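Residues per chain, in single letters:
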Amino acid sequence: MAKIEVLSRAVADKIAAGEVVERPAAVVKELVENSIDAGATEVEVEIKNGGITYISVRDNGKGIPQDELEIAFLRHATSKLREIDDLFEIATMGFRGEALASICAVAEVSVVSRTADSQSGVCMTVKHGVLSEKEEVACNVGTTMVVENLFANVPARMKFLKKDSTESGYVADIVMRIALSKPGIAFRYICDGKEVFSTSGDGKLKNAILNIYGMDHAKNIYEVDYREHGVRVCGVVGKAELARGNRTRQTLMVNGRYIKNHVVSKVVEEAYRNILMTGKFPFFVLDIELAPQLVDVNVHPAKTEIKFANEKEVYNIVHSGVKNALYRPAESISEMTFKTAERHNVTADLREDAKNPDRRIIKEFMERTVPREGFGSEAEYSFRASEVFAKPYIEKTVDEKEERAEDVRKADEIREKLFKETFPPKSRDEETLAKNCDQFARKAFDDAIIENIDGQPFCEDAAARVVGQLFDTYIIAQKNEEVFLIDQHAAHERRRFEMLKKDYLEKKPSGQQLLAPIVFDVDAVELQAVKENRQMLEDMGFLMEEFGRGSVIIRETPLIGDEGEIKALAVEVISALIDRRPLGMLSFEERILDMVSCKYAIKANKKLSLPEMEGIVKDVEDLERKGICTCPHGRPIKLSFSKRDIEKGFKRIV
Ligand code: ADP
Ligand code: MG
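This one's a predicted model, so the numbers in the text were calculated from it and none came from an experiment. (Residues numbered from 1 in each chain as written. Chains lettered and ligands numbered in written order. Predicted model: local features only at pLDDT ≥ 70, side-chain atom pairs only at ≥ 80, totals over all residues. Heavy atoms only, no water.)

Visitor: Explain the pattern of salt bridges to me, using residue names and the numbers behind them.
Guide: For the structure shown, the criterion picks out 31 salt bridges. Across the pair E572 and K599 runs a salt bridge whose closest N-O atoms are separated by 2.7 Å. Residue E572 is located in helix 21 (residues 563-578), and its partner K599 is located in helix 22 (residues 585-600); the two are separated by 27 residues in the primary sequence. In this structure, a network of salt bridges that share partners links the residues K29, E33, D37 and R257. (Salt bridge = Lys/Arg side-chain N within 4 Å of Asp/Glu carboxyl O. Helix = DSSP H or I, 4+ residues; strand = E, 2+ residues; numbered from the N terminus.)

Visitor: Any details on helix 10 (residues 262-271)? Residues and values, ideally.
Guide: Among the residues of helix 10, V264, S265, V267, V268, E269 and A271 are the ones counted as buried. Its side-chain oxygen 2.9 Å from the backbone nitrogen of V263, N261 forms the N-cap of helix 10. (Buried < 20%, exposed > 50% of the residue type's maximum accessible area, 1.4 Å probe, protein only. Polar contact = N/O pair within 3.5 Å; in protein donor to acceptor, adjacent residues only side chain to side chain.)

Visitor: An account of the pairing of strand 3 (residues 108-114) is requested, with residue identities and associated values reported.
Guide: Within strand 3, 6 of the 7 residues are buried, leaving the element largely enclosed by the surrounding structure. With 6 bridges joining them, strand 3 and strand 4 (residues 121-127) adopt antiparallel strand pairing. Across the sheet, the residue bridging to S110 is T125, located in strand 4. Pairing of strand 3 with strand 7 (residues 142-148), which is carried by 7 bridges, proceeds in the antiparallel orientation. Bridged to V112 within strand 7 is T144. (Pairing = 2+ DSSP bridges.)

Visitor: Explain the nonpolar core to me, and be specific about the residues and the numbers.
Guide: In terms of nonpolar packing, the biggest core is built from 58 residues, with V28, L31, V32, V45, Y189 and I209 touching the most fellow members. A total of 8 residues in this core trace back to one element, the largest contributor, which is helix 7 (residues 164-181). If we skip the residues at most four places from it in the chain, Y189 touches V45, I47, S168, V171, A172, V175, K194, E195, V196 and F197. Of all hydrophobic cores here, the second largest spans 33 residues; its members include V254, I306, V314 and V318. (Core = buried A, V, L, I, M, F, W, Y, C linked by side-chain atoms within 4.5 Å. Contact = heavy atoms within 4.5 Å.)

Visitor: Residue-level account of the packing of helix 2 (residues 24-37) against helix 5 (residues 99-106), with values.
Guide: As a packed pair, helix 2 and helix 5 sit with axes 10 Å apart at the nearest point and diverge in direction by 140°. As judged from the angle between their axes, helix 2 and helix 5 are oblique. The hand of the helix 2/helix 5 crossing is left-handed. Together, V27, E30, L31 and N34 of helix 2 and A99, L100 and I103 of helix 5 make up the contact between the two elements. (Axes fitted to C-alpha atoms, helices over the stretch in contact; angles between N-to-C directions. Parallel < 35°, antiparallel > 145°, perpendicular 65-115°, else oblique. Left-handed = near helix turned anticlockwise from the far one by under 90°.)

Visitor: Break down a nonpolar patch on the surface for me, with residues and values.
Guide: The grouping of L639, F641, I646 and F650 at the surface amounts to a nonpolar patch, some 400 Å² of accessible area in total. With respect to the helices and strands, the residue F650 is situated in the segment after helix 24 (643-649). The exposure class of F650 is exposed, given its relative accessible area of 63%. (Patch = residues over 30% accessible without salt bridge, like charges linked within 9 Å, V, L, I, M, F, W, Y side chains within 5 Å. Areas by Shrake-Rupley, 256 points an atom, 1.4 Å probe, with all protein chains shown as cover.)

Visitor: Lay out the sheet that holds strand 10 (residues 221-228) with the relevant residues and their values.
Guide: Read across the sheet, 5 strands follow the order 10-11-14-12-13 without closing on themselves; strand pairing throughout is mixed. Every other strand in the sheet has two partners, leaving strand 10 and strand 13 (257-259) as the edge strands with one partner each. For this sheet, the mean angle separating the axes of adjacent strands, direction not counted, is 20°. Looking at chain direction, strand 10 and strand 11 (residues 231-238) are connected through 8 bridges and run antiparallel. By the bridge assignment for strand 11, E228 is matched with V231. Across the sheet, helix 11 (residues 311-327) is in contact with strand 10, strand 11 and strand 14 (284-289); its angle to strand 10 comes to roughly 140°.

What follows is the structure, encoded as structure tokens:
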């Protein structure tokens, strides 16, 4: 039997280090986090051979004082103990003051560092735990750490590493995530001599996304910024077209630190119900900000997984935040209209406070600029009008939109000009007026700017033209250089669904009285379900009540159909009420609304007239503007082909 022996320090270090730095990506993560902690605004990561032979992390942070250099490499040496409650410490707890020491135990490390109050830098190398002499070198303020030949002295660990290309993939992933979590820091990532990506560090998440994922991602996102009970969720969520078959493009942070949490992913995905097909996962970069005490520390540190103390609440807030963002562009369809309006104090005030002279002139101005007819609710009008209202001022900036950093300043300037021109201070109380106008125009302007940056033309371009109908099921339409096929049933169903949902949320039941009420038999359970859900049914447009023993009378339905259809729908709805699955209230209600919309939507295999098709094409465009491009079950509404695709097919171009 082997004798029990005390492990030598070197062996123990190697074992411990293996737990902390399991692969090159973990080393990079530790080093980059140190750079961030050192207040760097620029961080450059370079690796060779998947990081196995070479990793370098250079920063312009505060540097390590000469006399602390050795200490920094010792186990449990840290300058950050006071931050123990901070999430950073939670996320990297196992490494508290251990990272550098661990890395040194399994690789050759050299450091060059200079602090601002020192004339020159100092260089030191550590080979297999042995420190070299310090040397003076000329360098900029900041720190460069070079880690070479990782695990060369730990063959057992080496075996666990994957192909170089796989390891570089892991490194790229972690650098990307960190870059997304710190848009204020300029990152540069170089792999085998080639720059893979770099971020501008201008503090705008959208630009970091542009740098990392490219234009299609930067264009197709909605901003999230939502606060409730001291928890804030902010970042961006992608439109449906960015969804992928896996979750690799989901980045979650807590208090600015990249973490993993599957439940949050699920919650975000839940908010996409009706938008994405099953098996598709949305793109997002979200940060949850909350008091550090609310984060459960009792989780394995190396896994970057965490738990929230008030899980349910946090999940609900994330859900609402994402939902708000997804439906925000659809200002006119839901309660969001009113939420947004209230936030900006515009619509609600315009409605309620039309007597206020200041408000009145805004309204008058708006109505002069944008005719009132053609808009449904007051809120929709107000929103659309505000866009038009700000349009001439936006157009001036469109040309210069390249300089995004300039956008904010320009926005302010132009906005100010807008007030002055539109509301020249006369005898009115200048200040109140300016304040009201400011609020109004700020919103109008911000919305327009967002749209502008999103790359969507502010004013509509040419309307889509219907070309014809295919197989009595698909509408062919053309717009600019694009041809599309629209599934008439899917499109119509979705349109109906959105309308019903809007009415439901605004508590404007869409019920239509039946000339001849329909009576039908139900059993006791069904009757009970009808009685219990009477109000909800009514809000959805069904007026159903008990009618003598064992039967129910339908007096109103959301849409008119023939008796057989209405009965069938009522039966379907009632059975859904009975087996109401615990999916959360809204989604359950949505299911019922969807039943209604599906029943009444134009079916496939139906010949349509030109005006009918034009109506559907317009509906599809409206839906797209709201970021909706699927039927309520997630099937696509539209397929598109560019002129280029077609020309390529015919080999007119190559
Ligand atoms: P921790 O980050 O948990 O404190 P580390 O082993 O990662 O432990 O680092 C030890 C110490 O070395 C840090 O506390 C910090 O003082 C110093 N240090 C490491 N990297 C840098 C850097 N890039 N810039 C400035 N100081 C650094
Ligand atoms: Mg560290």
